[in-house]
Amino acid sequence: MADVVLRDVVKSYGALPVVHAINLDIAHGEFVVLVGPSGCGKSTTLRMIAGLEDISGGTVKIGDRVVNDLPPRDRNISMVFQNYALYPHMTVRENLGFSLHIAKRPKDEIVKAVAQAAEILSLTPLLDRKPGQLSGGQRQRVAMGRAIVRHPDVFLFDEPLSNLDAKLRTQMRVEIKRLHQKVGTTIIYVTHDQIEAMTLADRIVIMRDGHIVQIGTPLEVFERPVNAFVATFIGSPPMNLLPATVTDGALRLSDGTAIPLPPGLTARDGQAVQFGVRADNIMPEGHAMPPTSHMAFVDMPVTLTEPLGTETLLFGTLAGTEVQAKMLNPRPVRTGEVLRFGIALDKCHLFDAETGASLRV
Amino acid sequence: MYRLRLPPWLVLLTPAFVVLLMVIAIPLVLSFYSSFTAFQLTRPETITRWNGSFNYKKALSDVYFWSAFGRTLLLVTVALNLEMLLGLGLALMVAKVTRGQRLLRTMMMFPMMFSPILVGFQFKFIFNDNVGLLNNALQSLGLTDIAIPWLVDGHLAFIAIVTAEVWTSTSVFAILILAGLFAIPQDPVEAARVDGCTPWQTFRYVTLPFLMPFIYIAMAIRSLDVARAYDIVQVMTAGGPARRTELLWTLIGRTGYVDARMGYANAMGYIAILLSIVFTVYFFRKLTTARTSLGMGD
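(A) Quick peek at the overall build of chain B. Scanning chain B for helices and strands turns up 12 helices and 0 strands. Listing the helices and strands of chain B from first to last along the sequence gives α-α-α-α-α-α-α-α-α-α-α-α. Whereas a compact globule of 298 residues would reach a radius of gyration of roughly 19 Å, chain B reaches 24 Å, over 25% beyond that. The dimensions of chain B, computed from C-alpha atoms along their principal axes, are 80 × 65 × 40 Å. Counting all 298 residues of chain B, 43% fall into the buried class. Contacts in chain B between residues far apart in sequence, at least 24 positions, make up 65% of those at least 6 positions apart. Carbon and sulfur atoms make up 70% of the accessible area of chain B, which amounts to about 16600 Å² in all. Charged side chains in chain B number 23 positive and 15 negative. The centres of these two groups are separated by 8 Å.

What follows is the structure, encoded as structure tokens:
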């Protein structure tokens, strides 16, 4: 086990930089998820840590060693790939034991380690099969088993669940979390799925265009997004953003609707902003959480409903922008019905319209 | 007037049957039949002179036939292994080239574009003991002062023939293996690197198993090719001198067309074809095994 430190790490392909001088400290035993839209540099960053990509600048440290110029085999890391990357000509047993076999460990030690890994991941009945005879979920478990037999310093996961169907993905997510609790090794996990990031991570690193946008615990990035990008990327459904102008200490939406300025936020008079409110904080009267001391009310016609059982998602239009709201203890709602919605202002956000930066103090 | 009305399927298939009959069935039956006769090309009436399995017995007890058989087997073994190793090396190097790879691939095919007869003449010139390029070069460099009898000494002539054969056809292996290299998924290779493999171990345990099906396809194609080797050898040494480089088909060709003993030549031909069939079956078995082990089978 070891901590991982990235200092001003740069990756460029020729003159094209794809990762811009990122800094990241990952503590020993921590589960860190790199998340962002495709092309944000998260996989490249992971592959630089693995040693599968050259590092164009800066340093990567694993434990107390700078690993920039070490080949992957000398970094004591394990990696789980998106396409499983199993060796198709080897049985599950051989796949699991391959790294130990390469390291010329004694036979009985290999047998023991393989049996143990197979036990942890319930692969024991499959040991003599070839990868071609396994289902997607089983293959992914073999890939994880191959990673854990070596007791590496760091586990690297590169979008390991994106090839699985939704149900299996949920199952494997739990297994990965369990695995981390069991072995306690540092994990760096790359995904584009914010739900995976939220559910798995000790800390989430949100990346965009080769930069780190925000680092924080799942609740921190959910509750205090540093900008509009993080606010809309994290959380489902994405946060509603309404263009507004600050006038006389209140927000004025484009159709003239006035909403009091949420507490804890500062904005200049006349500043163009985006008013951010999650669906969980805009609910129809009578079907909402108990109101807080800072409430605003708006009337909004419902254009579409998505019943989910315990709650219903309501789509409405407010000042020309589509807004998603939640309805607890739902009742049937007709399309076009105008409802009165309460907005919990103390849970709302303001972002500068130009820079997107949060105006929270 | 009565017209014969054949069913349409028969009418439609007749041309194909006729062609098959003319091109394959008749020559096959005729040659097989003649291998049991004392048929001589110069005396056509001898085709009716049945002599049972005499030709086969004669071939199987003929020391020249067996030495040609053994030499052919040796040529297949040596040439195929050399071509495989060189082709593999060539493919691995070309795969690393990033700029001008297309041009290199085309250039790699050049030897295959020449007629084997001309390749034979070219190497006959290179290996000629008096005016040949090789001896001249060796002598100019002071490495030897005698004229090495490249095409006269049996062992040296064999080496010369293998060289010509390898020169023409290594690209078959190189091209097929290169295709294999491009088809290898990158993930397992990267997984092997992370799993602690050195570049050699990655090649040995991951890349090579993926390449084996391609290597066996090349082997199957080339084993048929080399087992029927005739042109290059006929030009370079004509199986001589004194049968020192005699291969199956130079022997069969001479027996049939020079000595005109076609019945005997056909008998030897049928035995020789067995060799090719054995090679084909062997390499296709290997191919199937390699594919199954990669999960590509069924």
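(B) Quick look at the domain arrangement of chain A. All names here are of chain A. Partitioning chain A into structural domains gives domain 1 (4-232) and domain 2 (241-352). Between the C-alpha centres of domain 1 and domain 2 there is a distance of 39 Å. Listed as interface residues are 7 residues of domain 1 and, on the opposing side, 5 residues of domain 2. Taken as a group, Phe 222, Ala 228 and Ala 231 account for 64% of the area that domain 1 buries against domain 2, more than any other trio of residues on that side. Summed over the shared surface of domain 1 and domain 2, the result is 0 salt bridges. Between the two partners, domain 1 and domain 2, sit 1 residue pair in polar contact (both at pLDDT 80 or more). Of all the secondary structure elements, the ones that give two or more residues to the side of domain 1 that touches domain 2 are helix 7 (218-223) and helix 8 (228-233). Here the element with the most residues in the side of domain 1 that touches domain 2 is helix 8; it accounts for 3 residues. Counted by class, the side of domain 1 that touches domain 2 contains 4 nonpolar, 2 polar and 1 charged residues.

(C) The sheet that holds strand 1 (residues 4-13) of chain A, seen in detail. Residues and elements named next belong to chain A. Across the sheet, 4 strands lie side by side as 2-1-4-5; this open sheet has antiparallel pairing. Sheet topology places strand 2 (16-26) and strand 5 (65-66) at the edges, where each strand pairs with a single neighbour. Summarising the sheet, strand 4 (residues 57-62) and strand 5 pair through 2 bridges and their orientation is antiparallel. The partner of Lys 61 across the bridge, within strand 5, is Val 66. This element, helix 1 (residues 42-50), spans strand 1, strand 2 and strand 4 of the sheet and lies at about 115 degrees to strand 1.

(D) Fine view of the environment of B:Ala229. Residue and element names in this part refer to chain B. Summarising the element assignment, Ala 229 is placed in the loop between helix 9 (199-227) and helix 10 (231-236). Residue Ala 229 is classed as buried on the basis of its relative accessible area of 6%. A C-alpha to C-alpha distance of 11 Å links Ala 229 and Gly 253, two positions 24 residues apart in sequence. The contact partners of Ala 229, leaving out residues within four places of it in the chain, are Leu 75, Glu 165, Leu 247 and Trp 249.

(E) Representation of the interface of chain A and chain B. Between chain A and chain B, the residue contacts involve 24 residues of the former and 19 residues of the latter. A combined buried area of about 1900 Å² lies between chain A and chain B, and 59% of that area is made up of carbon and sulfur atoms. Among the residues chain A hides against chain B, the three largest losses belong to A:Arg73, A:His89 and A:Ile102. Together they make up 30% of the total. On inspection of chain A and its partner chain B, the count reaches 3 salt bridges. Salt-bridge contacts for B:Glu190 lead to A:Arg47; the nearest nitrogen and oxygen are separated by 2.6 Å. Between chain A and chain B we count 7 residue pairs in polar contact (both at pLDDT 80 or more) in total. Of all the secondary structure elements, the ones that give two or more residues to the side of chain A that touches chain B are strand 6 (77-80) and helix 2 (92-102) of chain A. Ranked by the residues each element gives to the side of chain A that touches chain B, the list is headed by helix 2 of chain A, at 4 residues.

(F) Just the pairing of strand 12 (residues 250-253) of chain A, in detail. Residues and elements named next belong to chain A. Alignment of strand 11 (residues 240-247) against strand 12, held across 4 bridges, turns out to be antiparallel. Across the sheet, residue Ala 244 finds its bridge partner in strand 12, namely Leu 253. Hairpin connection between strand 11 and strand 12: a loop of 2 residues separates the two successive antiparallel strands, and Asp 248 in this loop has a positive phi of roughly 50 degrees. Here strand 12 folds back onto strand 13 (residues 258-260) in antiparallel fashion, the turn holding 4 residues, of which Gly 256 has a positive phi close to 95 degrees.

Criteria and cut-off values
- Throughout this document, residue positions are counted from 1 along each chain, in the order its sequence is written.
- A letter from A marks each chain and a number from 1 marks each ligand, given out in the order of writing.
- In keeping with the predicted nature of the model, local features appear solely for residues at pLDDT of at least 70, side-chain atom pairs appear and are counted solely at 80 or more, and the whole-chain, interface and lining totals rest on all residues.
- As a rule here, side-chain values cover all heavy atoms of the structure and leave hydrogens and water aside.
- Working definition: helices are DSSP H or I runs of at least four residues, strands are E runs of at least two. Numbering for both runs from the N terminus.
- The size measure is the radius of gyration over C-alpha atoms, and the globule rule it meets is 2.2 Å times the number of residues to the 0.38 power.
- Whether a residue is buried, partly exposed or exposed follows from its accessible area with a 1.4 Å probe, protein chains only, as a fraction of its type maximum: under 20%, in between, or over 50%, in that order.
- Between two residues, a contact is recorded if the distance between any of their heavy atoms is within 4.5 Å.
- Calculation of accessible area relied on Shrake-Rupley with a 1.4 Å probe; when residues are assessed, cover is drawn exclusively from the protein chains displayed.
- Think of it this way: Lys and Arg go in the positive column, Asp and Glu in the negative one, and His and the chain ends go nowhere.
- Just so you know, the charge point we use is NZ for Lys, CZ for Arg, CG for Asp and CD for Glu.
- Where a domain begins and ends is set by an automatic assignment or by a domain database.
- Once two parts are brought into contact, the accessible area they lose, counted with a 1.4 Å probe and summed over both, makes up the buried area.
- A carboxyl oxygen of Asp or Glu within 4 Å of a side-chain nitrogen of Lys or Arg is what we treat as a salt bridge.
- In protein, a polar contact requires one atom able to donate a hydrogen and another able to accept it; more generally it is a pair of N or O atoms within 3.5 Å, and residues adjacent in sequence count only if both atoms are side-chain atoms.
- Polar here means any residue outside two lists: the nonpolar Ala, Val, Leu, Ile, Met, Phe, Trp, Tyr, Cys and Pro, and the charged Asp, Glu, Lys and Arg; Gly therefore counts as polar.
- Two strands pair under a simple rule: DSSP has to find at least two bridges between them.
- Fitted lines through C-alpha atoms serve as axes, helices being fitted only where they are in contact, and the angles separating the N-to-C directions of these axes extend from 0 to 180 degrees.

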